[in-house]
Amino acid sequence: MGMINQLPKVLDPIPGGKMVVNAVDYLVNWARSNSLWPLVYGTSCCAIEMMATGAAKHDIARFGAEVFRASPRQADVIILAGTLTEKMSKHLEVLYDQMPEPKYVVAMGACTISGGPFYYDNYSVIKGADRIIPVDVFIPGCPPRPEALLYGIMELQKLIRGESIRNPRKPGEVESEPWVNRHQEAVAEWEKEQEAVEEEIAPQRAQWKEDNPDFKAFKHPKKPVEDLEKMEYVPREKRVGAEPFALWNIVHEKFPEVTLHGIEEVTEEALAEKGAEYIPDFVVGTEQYSAFVRFLREHADTDCDYIIQVTAVDFVDRYDVCVHLMSTTKKHKIFVRCSIDHDDPKIDTISHIYLGANWHEREVYDFFGITFNNHPDMRRIFLFDEFDAHPLRKDFDDPSRLTKRPY
Amino acid sequence: MDLVSAQVPAGFPETHPNELTEEFYLNMGPQHPATHGVLRLVVKLDGETVKGVVPHLGYIHRSIEKMAESETYVQNIHLTDRLDYLSCHMNNLCLCMAVEKGANIGVPERGEYIRIMICELQRLQSHLLWWATFGMDLGALTAFLYGFDQREQITDIFEDVCGARLTMNYFRPGGSYCDVPDTFIPRVKAVLEGMEKSLDEYADLVGGNMIIQERCQGIGVLTKEKAISYGCSGPVARAAGVDYDVRRDDPYGIYDRFDFDVPLGKNGDCYDRYTVRIEEMRQSMRILEQCIKEMPSEGPYRSKIKTVIKIPEGHSYANVETARGLFGTYIVSDNKPKPYRLKYRSPNFSNVNIIDEVAKGFKVADLVTVLATLDPVIPDIDR
């Protein structure tokens, strides 16, 4: 486009030259606006609506934007479909830099406008994509309908048609303000506005009250009350898998120190009272933990071959590591719980017993900072290495990232 | 990471260089059309042969579990939509079931039928989308257009029922937030009729294609033992021969009333995962047909619940079978309106874990096939 940009300098002084420049402008803009090639960039839910827009019913090809390119070097427009997180933002910058000029950005969905549903109490989401790259068109919605995306594309086309060789497009500004909680400001502003409105309409209101002295007798029509009943939860009658008391007997024989969570004295009646949906929740000490899980897996009657999840709960004075196991052959579930010290959280790994526990334990390490001894690959799994806290701990507070919900 | 690096990236064991060939590391993602979102894979290659894969997660980690602790149970439902947005009704249902168990809330008969029907429609919709993108990942664009065309009809039903196309937020503890409209049953019938006609054709269009068969059969083999040990679930595990379906083996709602089969694979390769999903669509249609016959046409759709739901101190666990496998919700409560800790067990998290085992020894192009048949939804992994 280098030569075309020189056109006004050469042609404008010539009689009739301006018309030529305008015609070239028109032609270039027509071509550009009707062949917007988007980059295949979708991080989450909005991507599905973007795909739906590209499919048969909505057909983005009507606007010349159906050629989704996998490489940023071939793309004109990047549709930011989905939430932008701190970890992804560096990559988005690279993608944006790799796109050739002229390049346009369409922010699709509430997440890319302000963080959307992930604004409050969230430590990882960037609150607005315009903090990272300049955005041309914002499309609200969570997710926006395909029609809204099409409208956004049309708005972008309008924007492009307004460009000219004489005053080329300047990309939007990148928001650089710190993350502030605008809720209180907005509420105060709205209240102020309301006061002004009240003052303005006060005489009319008084006049209306004078004209209608019996206004207090007016009653709003009542909302139709739905005929709904309160219902009690009906647990399943037939138990799936082994009886908890039988499991307890097997376990108690080998590990006499193991107890059941929430039950002081274990009897057959006490367990039968819990119903058919009760899942035995064994409490085990840190020393026995690994051996206990191995026992549950290898014993023929417990036969817990499947790992549902490993997770932890921060009880402020201690951490509880919870392991949820299941048997794919006998179909019962067993929960194992192990309390560990809050100041020096360490526990043995079970990733050699269940291969799948590897990632679950990494997740627990990432969120709670609980170290698993002898784990083969103890790295953070979701967050980046520079993130210097463990976010699911109850005392986690990071004002630079976290905006507390004001209500 | 550099594109070709001499340094061993994180997650790989130290390697012993081979005299004959040179191994190198290739970065795939987080921006890659075949990874269905923002999954990043670091692949160790020897020529074109995959020697190892290390997935890097967290590019769409949205701290949903932290947010959950500062929102009430009903407010939390909309966040489950955004985990696995292709089976959001099932995610909603799972949270609602855990709350119902904890807070002692019952569901009326009609409400149960609505739930099952909506969930099975969602499974159909999700598998249709998978079928569409599976074709596209392997270079067959026709499937994309066909699949989305059929999917739109189901999306229209959801729009009719709850007003949303993708993030529904429809179920509540005790039922759903509104009754289904009169048009619901006729529309479901119409969709089923259309599906019955076209599903065989669809299955043949992609599955009967020789190129697709060559690229899928014997590729990405997952053994039963590995599938169980890694905690795989859903079609991925069933294709490997793990005979477990939450709907049948731990029936929730009224699933024990319906007659359906759980399709199993024999070899655990990509083609089995394909056929299992296609067969699951047929079974979903069977359940839907039974629902239409048995659903009571009148009655309450929801039970009356308190405005503020509190769960007594303790924990509550529920699991459902989403389109991708076993989804679980674990609530730890302290008798307050907000959960003390809320943990979601996502099926994709465990399903993607196996990628190293499955893709090892095959070519780079097969890695795309494997990913397409694992059908991961990345926000569900990262949460």
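Residues numbered from 1 in each chain as written. Chains lettered and ligands numbered in written order. Predicted model: local features only at pLDDT ≥ 70, side-chain atom pairs only at ≥ 80, totals over all residues. Heavy atoms only, no water.

> Please clarify how the pairing of strand E8 (residues 318-326) of chain A should be interpreted in this entry.
For a regular strand, side chains alternate in direction, first toward one face of the sheet and then toward the other. Residue and element names in this part refer to chain A. Burial of E8 is extensive: 8 of the 9 residues sit out of reach of the surface. Here 8 bridges tie strand E7 (residues 306-314) to E8, and the two strands are oriented antiparallel to one another. Pairing of Val 310 across the sheet is with Val 323, part of E8. Adjacent in sequence and paired antiparallel, E7 and E8 are bridged by 3 residues, among which Val 316 carries a positive phi angle near 65°. (Buried < 20%, exposed > 50% of the residue type's maximum accessible area, 1.4 Å probe, protein only. Helix = DSSP H or I, 4+ residues; strand = E, 2+ residues; numbered from the N terminus. Pairing = 2+ DSSP bridges.)

> What's the story with the domain arrangement of chain A in this structure? I'm lost.
A common way to express how large an interface is: the accessible area buried when the components associate. Taken as a whole, chain A is organised into domain 1 (2-161) and domain 2 (244-373). In this structure, domain 1 of chain A and domain 2 of chain A have C-alpha centres spaced 50 Å apart. (Domains from an automatic or database assignment.)

> I'm lost on the interface of chain A and chain B in this one. Help?
Each side of the interface is counted separately: chain A has 89 residues, and chain B has 87 residues. Counting the surface lost from both chain A and chain B, the interface buries some 7,600 Å², and carbon and sulfur atoms represent 60% of this. The largest share of the area that chain A buries against chain B comes from Tyr 233, Trp 359 and Phe 382 of chain A, three residues that together contribute 10% of it. As a salt-bridge pair, Arg 145 of chain A and Glu 159 of chain B come within 2.8 Å of each other at their nearest N and O atoms. The interface formed by chain A and chain B contains 37 residue pairs in polar contact (both at pLDDT 80 or more). Those elements that place two or more of their residues in the side of chain A that touches chain B are helix H3 (45-54), helix H4 (86-98), E7, E8, strand E9 (333-341) and helix H11 (357-368) of chain A. Here the side of chain A that touches chain B gets 9 residues from one element, more than from any other, and that element is E7 of chain A. When its residues are assigned to classes, the side of chain A that touches chain B shows 48 nonpolar, 17 polar and 24 charged. (Contact = heavy atoms within 4.5 Å. Buried area = accessible area lost by both parts, 1.4 Å probe. Salt bridge = Lys/Arg side-chain N within 4 Å of Asp/Glu carboxyl O. Polar contact = N/O pair within 3.5 Å; in protein donor to acceptor, adjacent residues only side chain to side chain. Nonpolar A, V, L, I, M, F, W, Y, C, P; charged D, E, K, R; others polar.)

> For this particular structure, what's the right way to read the packing of helix H2 (residues 73-81) of chain B against helix H3 (residues 88-103) of chain B?
When two helices pack together, their arrangement is given by the angle between their axes and by how far apart the axes lie. Residue and element names in this part refer to chain B. The contact between H2 and H3 brings their axes to 8 Å, and the two run at 155°. Considering the angle they form, H2 stands roughly antiparallel to H3. Both H2 and H3 take part in a crossing whose hand is right-handed. The residues of H3 that touch H2, namely those facing Tyr 73, Asn 76, Ile 77, Thr 80 and Asp 81, are Cys 88, Asn 91, Asn 92, Leu 95, Cys 96 and Val 99. (Axes fitted to C-alpha atoms, helices over the stretch in contact; angles between N-to-C directions. Parallel < 35°, antiparallel > 145°, perpendicular 65-115°, else oblique. Left-handed = near helix turned anticlockwise from the far one by under 90°.)

> Help me understand the domain arrangement of chain B in this model?
All names here are of chain B. In terms of domains, chain B is made up of domain 1 (1-60) and domain 2 (107-304 + 355-382). Between the C-alpha centres of domain 1 and domain 2 there is a distance of 31 Å. On the domain 2 side, the residues contacting the 22 residues of domain 1 number 20 residues. Of the roughly 1,700 Å² buried at the junction of domain 1 and domain 2 (both faces included), carbon and sulfur atoms supply 69%. Taken as a group, His 36, Val 50 and Ile 60 account for 34% of the area that domain 1 buries against domain 2, more than any other trio of residues on that side. The tally of links between domain 1 and domain 2 comes to 0 salt bridges. Inspection of the domain 1/domain 2 interface yields 8 residue pairs in polar contact (both at pLDDT 80 or more). Sorting the residues of the side of domain 1 that touches domain 2 by element identifies strand E2 (40-46) and strand E3 (49-56) as the ones contributing at least two each.

> Where do I start with the packing of aromatic side chains in this structure?
Aromatic ring pairs are defined here through the distance separating the ring centres and the angle between the ring planes. All names here are of chain A. Within this structure, the stated rule accounts for 29 aromatic pairs over all chains. On the basis of an interplanar angle of 40° and a centroid distance of 5.7 Å, the ring pair of Phe 367 and Phe 382 is categorised as tilted. Placement of Phe 367 in helix H11 and of Phe 382 in the segment after strand E11 (371-373) is noted, with a sequence separation of 15 residues between them. Neither residue differs from the other here; Phe 367 and Phe 382 are each classed as buried. Plain terms: the ring middles of Phe 387 and Phe 396 are 6.1 Å apart, the flat faces sit at 25° to each other, and that makes the pair stacked. Accessibility assignment for this pair places Phe 387 and Phe 396 in one class, buried. Taken together, the ring pairs connect Trp 248, Phe 255, Phe 282, Phe 292 and Phe 295 into an aromatic cluster. Against the face of Tyr 96 rests Lys 103, its NZ or CZ located 4.3 Å from the ring centre. Across from the ring centre of Tyr 119, 6.0 Å away, lies the NZ or CZ of Lys 127, which sits over that ring. (Phe/Tyr/Trp six-rings, centres within 6.5 Å; stacked < 30°, edge-to-face > 60°. Lys NZ or Arg CZ within 6 Å of the ring centre and 35° of its normal.)

> Would you mind going over the sheet that holds E2 of chain B with me for this structure?
Strand pairing within a sheet occurs via backbone hydrogen bonds; the two strands may be parallel or antiparallel. All names here are of chain B. A sheet is described by the order of its strands in space; here 3 strands give the open sequence E1-E2-E3, paired in antiparallel fashion. Each of the sheet's edge strands pairs with one partner strand only, and the pair in question is strand E1 (23-28) and E3. Adjacent strand axes in the sheet meet at a mean angle of 20° when their direction is disregarded. Where E2 meets E3, 7 bridges bridge the pair, whose relative direction is antiparallel. Across the sheet, Leu 41 pairs through a bridge with Pro 55, a residue of E3.

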